[in-house]
Amino acid sequence: MRVWPGKPYPLGATWDGKGVNFALFSESASKVELCLFDSIDASQEAQRLELTERTDQAWHAYLPEVLPGQLYGYRVHGPYEPSQGHRFNPHKIVLDPYAKSIGRELRWADEVFGYRLGDPQADLALDERDSAPYAPLAVVIDPAFTWGDDKPPRTPWHKTIIYELHIKGFTQLHPGVGEPLRGSYAGLASELVVDHLLNLGVTAVELMPVHQFINDRHLFDRGKVNYWGYNTLAYLAPECRYSATSIPQDAVQQFKMMVAAFHAAGIEVILDVVYNHTAEGNQLGPTLSLRGIDNAAYYKLTPEDQRFYMDYTGCGNSLNVRHPRVLQLIMDSLRYWVADMHVDGFRFDLASTLARELYEVDRLGAFFDIIHQDPTLSQVKLIAEPWDVGPGGYQVGNFPVLWSEWNGKYRDGVRRFWKGDGGTLSEFATRLSGSSDLYQSDGRKPYASINFITCHDGFNLQDLVGYNDKHNEANGENNQDGANDNNSWNCGVEGPTDDPAVNALRWQQKRNLIATLLLSQGVPMLLAGDELSHTQQGNNNTYCQDNELTWLDWELTDEQQDFLAFVKQMISIRRSQPVFQRRKFFQGRPIFGGDESDITWFEPAGKPMGEEAWSAGFNQCFGVRMPGDLIGEVDDRGQEIKGDSILILMNAFHEPIPFKIPARVKGQRWQRLIDTALPGAARNWFASAKAYDLKGRSMVVFRTVAGDLAVDQAKAPRRGRTLASAAPTLKDGIGQPEIDSSATGSDPLEGT
């Protein structure tokens, strides 16, 4: 086979239509050999070619006779001195960090470890057995793909609604996905799947990890898998287990087809990415890729003994983002997924780890500097999980501009309020109004807060109201895994029950939580399956459950159908009402020279909240009014944004509380959009200055058009005419108001 010198850039295997350029970075290696395999069943490479060219610490060659589809790996020579940070072992085939597709997945065997398992010296004892029959192999790809007129939707942050999902869990039981496509990229792109998302009203899907990952050895030995995927092996390769074998396209092509289908529907694709650690684990882990290529360069090692790894993730290692080539790998990967795979953004798992240049979390670190100046990455959606397990790792509110964050304080505050905990009102109100305490001082906007109540990690919504304690026995870890502090409440019975009162309360609590999420300032994120009332039977750590526990059940009962309709209704209300899509924080004071604030908080007596009410630990009931004519923003064409005024009443106390409806103008009336205690209630109009019977553990949302409605009603005859002619037309998705007999003369207030 002819071997030409090739080029050091780009790294990886690059097909140019005539041959393939191979380039691999290793600054401490003494020799690098490219190994070509004939098939996935080969126990040895067919050819081993030494890369004699080395430029800027990159080893490279060009092979004019190699085509797409070629399987390959590397053998990297150098010292095996763990105490000095070096773990080179040429007996092990290592995977190209820039592999764009995986041709053969890892086959667990003792031979893939760089040391002799069971040896008294542990990882200090070099293993000389060949890993070629078992190691994962990369495959050369042809990146050509016809994108047509594909364009990123570029949904503005303030109009974004995120939907977190797992590709297999979402499609495995979906009746609209053909059996051969279930659990795959192609299945997720199916028409009925996309229709569900469109009908729901979400604007972006956040896919749980799709970078190539592996099943941990300890899970493999127990007959389980790494279902979630937070165990990355290759940062540029789409996970091949999500590739449907029934169609000819490979994983790369299928992923691109999926993205194109979502974009055609106006839905963005956000990837959950894990650049904080790799699947190689700690010093006792396998040698699969980076460890055998240049361990000292790629990983953070403890300064006192470089045999061991700095671990800020709880997963055994942390990538060394101080090294320029490691930063390059991360940035090249991110750019590849945007430029070549057309994704629209990223959610960075345990993002605080990436900011640890030395020890402390540094918001001004090189990782952020590079992203901020990058013309591609600075224009996509960037979301941080703003914590890790290291000291000082909880960094909610501390990421720089351009970044939004999973707001863990929002999750905890909302859960505690609706659970009925005392002393939570002020915290809850702050989260409801956009968490200005976290994001305003450094110039960020309300959409810096990714609001969520549930996510893949922890209880889902159904279990949040059905269990006080985790029930993770199925994981095989004696229920020791998963969080113990969930801020959940089972409504009186642990787990499933036939008690109608308990079940009714659970449905009501779910409506409270969903309504709060979708009417809060910031960006809401829904967990897939919550709208379907899916249960994981109290398991709050389903990372190894690839079965019916995590696969969504699409056969819904009547009650589940009703709840799905409620979720759709709340999303519709959010999307149709400008006050829920603010780009700026509330000022909380009179604006535009008037005497009314852009947000006002109320006590049940109908008067503005005072300091005493805010500080009262027992206070669990309040209201908030947001005038639609005082938003203070303009649209893309410079026109002032105006909408309905919204009044929300919330009662986390277990008993009803009469709430006097506040008025902006005399005679003003409010239309009830939803009452979580009265699902399906008519959209009646209610007079100001009268008491509304606010049920225990409930939330009510009203709307009106400030000023206009009161004037029209004052002029309208009191009898012989309904309010239909005086009521303004409702926005898209809300529908026409229902008028009952109270609208033609009798007082429409209930319970007064």
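In this text the structure is predicted, and so the values were computed from the model without any measurement.

## Thoughts on the sheet that holds strand E2 (residues 20-25)
Here comes step 1: Spatially, four strands are ordered E1-E2-E6-E5 in an open sheet, and the strand pairing comes out antiparallel. Looking at strand neighbours, the two that pair on one side only are strand E1 (12-15) and strand E5 (53-55), the edges of this open sheet. Going across the sheet, the axis of each strand differs from the next one's by a mean of 25°, ignoring polarity.
Here comes step 2: In terms of strand pairing, E2 meets strand E6 (residues 58-63) through six bridges, oriented antiparallel. Bridge pairing links Ala23 to His60 in E6.

## A look at the sheet that holds strand E7 (residues 71-77)
Here comes step 1: If you walk across this open sheet you meet the five strands as E4-E3-E7-E11-E10, and the pairing is antiparallel. Lying at the two open borders of the sheet, with one neighbouring strand each, are strand E4 (47-50) and strand E10 (102-104). Here the strands of the sheet are splayed against their neighbours by 40° on average, with no regard to which way each runs.
Here comes step 2: Sheet topology note: the E7/strand E11 (residues 137-139) ladder contains two bridges and is antiparallel. Across the sheet, residue Tyr72 finds its bridge partner in E11, namely Ala138.

## A short note on the pattern of salt bridges
Here comes step 1: This model, assessed by the stated rule, comprises 39 salt bridges.
Here comes step 2: Two residues, Glu239 and Arg241, come together in a salt bridge whose shortest N-O distance is 2.9 Å.
Here comes step 3: With a relative accessible area of 0%, Glu239 lands in the buried category.
Here comes step 4: Classification of Arg241 as partly exposed rests on a relative accessible area of 29%.

## Observations regarding the pairing of strand E23 (residues 621-626)
Here comes step 1: The buried fraction of E23 is high, at six of six residues.
Here comes step 2: Because side chains alternate across E23, one face comprises the buried residues Cys621, Gly623 and Arg625, and the other comprises Phe622, Val624 and Met626, equally buried.
Here comes step 3: Across three bridges, the pairing between strand E22 (residues 600-602) and E23 is antiparallel. Across the sheet, Thr600 pairs through a bridge with Arg625, a residue of E23.

## Regarding the nonpolar core
Here comes step 1: Membership of the largest hydrophobic core comes to 167 residues, with the highest contact counts inside it found for Phe346 and Phe348.
Here comes step 2: Discounting chain neighbours no more than four positions away, the residues touching Phe348 are Val273, Tyr275, Leu334, Leu354, Phe367, Ile371, Leu382, Ile383, Ala384, Glu385 and Trp403.
Here comes step 3: Membership of the second largest hydrophobic core comes to 18 residues, among which are Ile270, Trp387, Tyr439 and Ala448.

## Quick notes on the packing of helix H9 (residues 408-419) against helix H10 (residues 425-432)
Here comes step 1: Axis separation between H9 and H10 bottoms out at 9 Å; the angle between their running directions is 130°. The angle between H9 and H10 falls in the class oblique. Along this stretch, H9 crosses H10, giving a crossing that reads as left-handed. From H9, Lys409, Tyr410, Gly413, Val414, Phe417 and Trp418 reach across to H10, where they touch Glu427, Phe428 and Arg431.
Here comes step 2: Classifying every residue of the contact of H9 with H10 by side-chain character gives five nonpolar, one polar and three charged.

## Observations concerning the state of the cysteines
Here comes step 1: The tally for this structure, following the rule as stated, stands at zero disulfides.
Here comes step 2: In this structure Cys315 is a free cysteine whose sulfur lies 14 Å from that of Cys544, the closest cysteine sulfur available.
Here comes step 3: Not part of a disulfide, Cys621 finds its nearest cysteine sulfur in Cys491, a span of 19 Å.
Here comes step 4: Owing to a relative accessible area of 2%, Cys621 belongs among the buried residues under this scheme.

## Let's talk about the pairing of strand E29 (residues 698-704)
Here comes step 1: Taking burial as the measure, the seven residues of E29 include seven buried ones, the bulk of the element.
Here comes step 2: In this structure, strand E24 (residues 645-651) lies alongside E29, joined through seven bridges in antiparallel fashion. Across the sheet, Ile648 pairs through a bridge with Val701, a residue of E29.
Here comes step 3: Note that strand E26 (residues 669-675) and E29 share four bridges and pair antiparallel. Its bridge partner lying in E29, Asp675 is registered against Val700.

Reading the values: the criteria
- Residues numbered from 1 in each chain as written.
- Predicted model: local features only at pLDDT ≥ 70, side-chain atom pairs only at ≥ 80, totals over all residues.
- Heavy atoms only, no water.
- Pairing = 2+ DSSP bridges.
- Helix = DSSP H or I, 4+ residues; strand = E, 2+ residues; numbered from the N terminus.
- Axes fitted to C-alpha atoms, helices over the stretch in contact; angles between N-to-C directions.
- Salt bridge = Lys/Arg side-chain N within 4 Å of Asp/Glu carboxyl O.
- Buried < 20%, exposed > 50% of the residue type's maximum accessible area, 1.4 Å probe, protein only.
- Core = buried A, V, L, I, M, F, W, Y, C linked by side-chain atoms within 4.5 Å.
- Contact = heavy atoms within 4.5 Å.
- Parallel < 35°, antiparallel > 145°, perpendicular 65-115°, else oblique.
- Left-handed = near helix turned anticlockwise from the far one by under 90°.
- Nonpolar A, V, L, I, M, F, W, Y, C, P; charged D, E, K, R; others polar.
- Disulfide = S-S within 2.5 Å.

Treat this as a map of the structure, not an account of what it does.
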